[in-house]
Amino acid sequence: MKALVRWLDHRTGIAGLLHAALYEHVPGGARWRYVWGSTLVFAFTVQAITGMFLWMAYAPSSQTAWESVYYIQHEMQGGWLLRGIHHFMAQAMVVLLALHLMQVVIDGAYRAPREVNFWLGLVLMQIVLALSLTGYLLPWDQKGYWATIVATNIASIVPVVGEQLQRLVVGGPEYGHHTLTRFFALHAGVLPASLVGFLVLHVALFRRHGLHAKVPLRNRDGSFWPDQVLKDAVACLAVLAVVLFLTLLPGLRSEQGIGALVASDRAGDVLGAELGAPADGATPYSAARPEWYFLFLFQFLKLFESNPETGELIGGIIIPGAVMGLLFLMPLIGRWKLGHRFNIGMLACLLVGVALLTGQAVWADRQSLWIKEPDADQVRSHEKWNLSHDYVQAVEQAEAAAHRAVELARGVEIPPSGALSLLRNDPKTRGPELFEQNCAACHSHTDPSLGGLVAKDPSAPDLFGFASRAWIAGLLDPERIATIAYFGNTSHKDGDMVSFVQGDEFKGLDAKQRQEIAAALSAEAKLPSQAAVDAKDIAMIATGAELIKGSAGCTNCHHFQEAGDLGSAPDLAGYGSGEWLIGMISNPEHARFYGDKNDRMPGFAVGDNPDQHRLTAQELGLIVDWLRGEWYEPAEVAAGDEHSTSQTPAVP
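Reference entry: report on the structure contained in this document. (Residues numbered from 1 in each chain as written. Predicted model: local features only at pLDDT ≥ 70, side-chain atom pairs only at ≥ 80, totals over all residues. Heavy atoms only, no water.)

Comments concerning the packing of helix α21 (residues 511-523) against helix α23 (residues 538-549)
Phase 1: Between α21 and α23, whose axes approach to 7 Å, the crossing angle comes to 100°. Relative to α23, α21 is oriented roughly perpendicular. Between α21, through Gln513, Gln515, Glu516, Ile517, Ala519, Ala520, Leu521 and Ala523, and α23, the contact on the second element is made entirely by Met540, Ile541, Thr543, Gly544, Ala545, Leu547 and Ile548.
Phase 2: Looking at side-chain class alone, the contact of α21 with α23 contains ten nonpolar, four polar and one charged residues. (Axes fitted to C-alpha atoms, helices over the stretch in contact; angles between N-to-C directions. Helix = DSSP H or I, 4+ residues; strand = E, 2+ residues; numbered from the N terminus. Parallel < 35°, antiparallel > 145°, perpendicular 65-115°, else oblique. Contact = heavy atoms within 4.5 Å. Nonpolar A, V, L, I, M, F, W, Y, C, P; charged D, E, K, R; others polar.)

Digging into unusual backbone geometry
Phase 1: Here the amide bond leading from Ala112 into Pro113 is cis, since omega sits at 5°, within 30 degrees of zero.
Phase 2: With respect to the element layout, Pro113 can be found in the loop between α5 (79-107) and α6 (115-137).
Phase 3: With omega at 5°, the peptide bond leading from Trp225 into Pro226 counts as cis.
Phase 4: The residue Pro226 is located in helix α10 (residues 224-253) in this model.
Phase 5: Look at Val160: it is not a glycine, yet its phi comes out positive at around 70°.
Phase 6: Relative to the elements of secondary structure, Val160 occurs in the loop between α7 (142-153) and α8 (162-170).
Phase 7: Accessibility expressed as a relative area gives 82% for Val160, which makes it exposed.
Phase 8: Not every positive phi belongs to a glycine, and Gln561 is a case in point at roughly 50°. (Buried < 20%, exposed > 50% of the residue type's maximum accessible area, 1.4 Å probe, protein only.)

Examining the pattern of salt bridges
Phase 1: Using the criterion set out here, one finds 20 salt bridges in the structure.
Phase 2: Across the pair Arg380 and Glu383 runs a salt bridge whose closest N-O atoms are separated by 3.6 Å. Linking Arg380 with Glu383, this pair stays in helix α15 (residues 379-411), spanning three residues, or about one helical turn.
Phase 3: For Arg380, a relative accessible area of 51% corresponds to the exposed category.
Phase 4: In this structure, the salt-bridge partner of Glu579 is Arg592, at a minimum N-O distance of 2.6 Å. Of this pair, Glu579 sits in helix α24 (residues 578-586) while Arg592 sits in the loop between α24 and α25 (617-628), placing them 13 residues apart in sequence.
Phase 5: Taken together, the shared-partner salt bridges in this structure form one network comprising Arg404, Glu407, Asp426, Lys428 and Glu633. (Salt bridge = Lys/Arg side-chain N within 4 Å of Asp/Glu carboxyl O.)

Encoded structure:
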């Protein structure tokens, strides 16, 4: 071995290089306050290594980025760990940068002759922040997409060249594929290469001027090896331990236990870094916020909201630029003892201000979770609480959408058009959105498991559980048919149906007969949530059908199976089925439904010209499937009967 070392040293001079690197003079001996620079180099090295492995599985395009990150997070062996380390180490670098800057300024290591090296350090700090900003977009999820729009909009307020600068950053007039590829090139190529170049200069100047020791010196002079190396190594391990702890933290809180979770094939669902729903520029995202280390700037800009014309320029460009300018002037200001104290005070105020603004931002977003809703007469407090409440709800909806996207990606093959089309064609996701846009002005859908969509001024039946046995039982209940849940706020309140159900003839039916009628009518819908019970109750359904056609008197107005005629009341053949609902929503004034007795309900697809329809055939299908509870659910959810219970109201 010694011979091999001598041969290698003879050919390369490695022994001299190692000696020069390890036996650097350390005035006053090794100290813990000197570890921050080494931890930053360690953190960047970890980022470079994990980033290269992530790169191997990442596909940077608007139709493949989310899909590849999904693969890394949920399918690739250990991918969640790789993403988690990369994600949290990036955040650790921001904290280490702040600590390193504080140590350098407090120790006076920025003063002559180290001015240039301090300026190089500030450049490195901005490169690290730029790496964080560009990396935020790469998963191409809703959170990163909308947060990047907010961040890059700041560039547009730069005087004279703002619009051109924003286009340069975004890669064109709109956010899309070019934005993603541009950010990826910056994140994986330009910025790391720049960081390495500036880091080499930084270390070279550091070695030229030597370590600036904090005085008074407490110990005898030493060398970098072994004491300082040991302290640096311990600090690096501590940083890695914190990053691993943050990566595993959700698992430590889970009932499953961290060991079982890590060993399972669903570890990526809980552990590692967050992955939101696929980016969708057509769907507003109220939960958009920058990463926590940029929250102070987000909150700072709110101070200028009352002056939108110049406030953004002052808060987003001029003041941050002035602060950065002061940081660059520190070596010149610090030439004198008073200037050095001024620099320390300014840095302390800056960090305290950042902490306070960050705290204010968190409080503004989360206060509705921690305090009760203020009284309405406390107008300002009530308004802030409502904004917080809206944000918390938006976060919950975003988490639900992200969870649903993963369910679909795992259970349904991702099409060539990308995972976003899974959500756009998913009744569970798009159904309530379309219902809220087109139907919720009159109808409510009070499904408690989905939070409920309640019309501001309901004037038509609540459609939660429409055509289910429970819903029809309520319709046939003399005490409920004229309530707001059914015909209470419609012209039918005083119509034939209400009179019939509340009349003596129908009241004469006993409870069992009404259940049989409800079962028979509901069976026409062929609801997925009732398939099993319908198959079991064939005899009951047959009896109910005979009652509808016979003694119950329903076919005096309605058509049902071979009995009754069309034209007096809605057709009960296929009542609540997909075909029936599409026909009803398309044109409620059709003779098969309400005809000239229709109460205000507009037709959403009347006539043969699709260009004149309010809803496309796809949108109609999504609303109908959602009302009927027809959507994909994972096997474990279906087995737990969650699907059926969420689509069926409780029987009164």
